[in-house]
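# Residue-level structural notes
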Amino acid sequence: PASIAAPIGTYSHGIETPPNARWLHVAGQVAVRKDGSVPATIEEQTVVAWENIVAILASAGMQVTDIVKINQYLTDPAYFPAYAGARRRLLGEHRPASTLVMISALVKPEFLVEVEVVAASAAPARKPAKRPQRVAAAKQPKRAAVKRRR
């Protein structure tokens, strides 16, 4: 709004979502690669954390431009320039609402950054995976008809 100062970085003060949007809340992502390794530098950790987020978004049929809110946690203020540069390259011109917090530590000492996002998309949901067919119970052999006398 014109009544407050412009954002001081690459974010928006607020984002309005489309009516009837699908929502995706992505848990905080740290820089753990699929093989379990963790890169050493803030630049590499930022890229890996964001690659994880992009993969989660894609699995829900969404993309970076569907992100409406980002919460970011850095363990050292000195990491901010490198983190901000990598984030800017990954987000391009997209400007979601954003909060960045400097914290003393994450759950493991090798983690330097954690990023969580909320995304919303007006696009229809992707088709769900086919569910396995129910296995029919084994048919019981037919009983021989019994004639009843009256």
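Here we summarise the structure given alongside this text. (Residues numbered from 1 in each chain as written. Predicted model: local features only at pLDDT ≥ 70, side-chain atom pairs only at ≥ 80, totals over all residues. Heavy atoms only, no water.)

## Some details on helix α1 (residues 42-59)
Note the following rule: A run of DSSP states H or I qualifies as a helix once it reaches four residues; a run of E qualifies as a strand once it reaches two. Both are numbered from the N-terminal end. A helix is expected to reach a length of 1.5 Å times the quantity of its residues less one. By definition, residues are in contact when any of their heavy atoms lie within 4.5 Å.
The first and last C-alpha atoms of α1 sit 26 Å apart over 18 residues, in line with the 26 Å expected at 1.5 Å per residue. Buried-residue contacts for α1 involve β1 (22-29), β2 (67-74), α2 (80-91) and β4 (113-121). Just downstream of α1 lies G61, where phi reads positive at about 75 degrees.

## Section: α2
Between its first and last C-alpha atoms α2 spans 16 Å; for twelve residues at 1.5 Å apiece the expected length is 16 Å, and the two agree. Summarising the contacts, the buried residues of α2 are in contact with α1, β2, β3 (97-102) and β4. Downstream of α2 by one or two residues, G92 has phi in the positive range, about 60 degrees.

## A few points about the layout of surface pockets
Basically, it comes down to this: Only protein atoms enter the 1 Å grid used here. Points where a 1.4 Å probe fits but cannot escape make up a cavity, open sets with protein on both sides within 12 Å along at least five of seven lines make up a pocket, and a residue lines them when an atom lies within 4 Å of a point. Grid points are joined across faces, edges and corners, and a volume is the space filled by probe spheres set on the points. Classification used: nonpolar for Ala, Val, Leu, Ile, Met, Phe, Trp, Tyr, Cys and Pro, charged for Asp, Glu, Lys and Arg, polar for all others including Gly.
In this model, the largest pocket occupies a volume close to 290 Å³. G9, T10, Y11, F80 and L100 are, among the 13 residues lining the largest pocket, the residues nearest its centre. Put simply, the parts of the chain that give the lining of the largest pocket at least two residues each are α2 and β3. Looking at the lining of the largest pocket element by element, the count peaks at five residues for α2. Of the residues in the lining of the largest pocket, the class split is six nonpolar, five polar and two charged.

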